[in-house]
Amino acid sequence: MEPITHTNKTQKSGITKALKFNTGDKVLVALGAANRDPAQFPDPDCFDITRVNNSHLAFADGIHYCLGAILTRIEAEIAITALVQQLPDLKLSQDKLEWRNKIAFRSLKALPVIFKPTNIK
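Predicted model only: the values in this text are computed from it and were never measured.

Rules used throughout
- Residues numbered from 1 in each chain as written.
- Predicted model: local features only at pLDDT ≥ 70, side-chain atom pairs only at ≥ 80, totals over all residues.
- Heavy atoms only, no water.
- Helix = DSSP H or I, 4+ residues; strand = E, 2+ residues; numbered from the N terminus.
- Contact = heavy atoms within 4.5 Å.
- Areas by Shrake-Rupley, 256 points an atom, 1.4 Å probe, with all protein chains shown as cover.
- Phe/Tyr/Trp six-rings, centres within 6.5 Å; stacked < 30°, edge-to-face > 60°.
- Buried < 20%, exposed > 50% of the residue type's maximum accessible area, 1.4 Å probe, protein only.
- Patch = residues over 30% accessible without salt bridge, like charges linked within 9 Å, V, L, I, M, F, W, Y side chains within 5 Å.
- Salt bridge = Lys/Arg side-chain N within 4 Å of Asp/Glu carboxyl O.

Participant: Is there a simple way to explain the overall build of the protein chain in this structure?
Facilitator: The secondary structure content of the protein chain amounts to 2 helices and 6 strands. Scanning the protein chain from its N terminus toward the C terminus, one meets helices and strands in the order β-β-β-β-α-α-β-β. Taking the intrachain contacts of the protein chain between residues at least 6 apart in sequence as the baseline, contacts between residues at least 24 apart amount to 32%. Element-wise, carbon and sulfur atoms account for 60% of the exposed surface of the protein chain, whose accessible area totals about 10,200 Å².

Below, the structure written as structure tokens:
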């Protein structure tokens, strides 16, 4: 669930599994769609933090690989671990979530949750 869902690229040349591109072709890369590829992921629309063989495009690839990817993964692991430890009964308060209607940035309008208050450290 990337916040940035699209990027523009100018193709040098090449062939993908399904399409041929010529030098100078403009290509709109839909990162959100790529990371929901049923050929890559068994259940592409399910957020599964334990997914293995996760060859997604969230941090790009090759020479364009995100320099902050390792730090982002460490921060996410620390934050999610702390959240689960402090609020073990945290859950969504409704089944249907509402998304903002924006093409470039994907985000929820709200993330309604419920939990029992505890002695948070």
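Participant: Sorry if this is basic, but what is going on with the packing of aromatic side chains here?
Facilitator: Given two aromatic rings, their pairing is described by the distance between the two centres and the angle made by the two planes. Tallying each qualifying case throughout the model produces 1 aromatic pair. Ring geometry for phenylalanine 59 and tyrosine 65: centres 6.5 Å apart, planes at 65°, overall edge-to-face. Note on phenylalanine 59: relative accessible area 16%, which makes it buried. Among the residues examined, tyrosine 65 registers a relative accessible area of 35% and is labelled partly exposed.

Participant: What's the story with a nonpolar patch on the surface in this structure? I'm lost.
Facilitator: Nonpolar side chains collect at one region of the surface, where Leu83, Leu90, Leu92, Leu111, Val113 and Phe115 lie side by side and expose about 480 Å² of accessible area between them. Judged by its relative accessible area of 38%, phenylalanine 115 falls in the partly exposed class.

Participant: Where do I start with the environment of alanine 30 in this structure?
Facilitator: Structurally, alanine 30 is set in strand β4 (residues 26-30). What makes alanine 30 partly exposed here is its relative accessible area of 29%. In this structure, the C-alpha to C-alpha distance between alanine 30 and alanine 104, residues 74 residues apart in sequence, is 9.6 Å.

None of this, on its own, says anything about what the molecule does.
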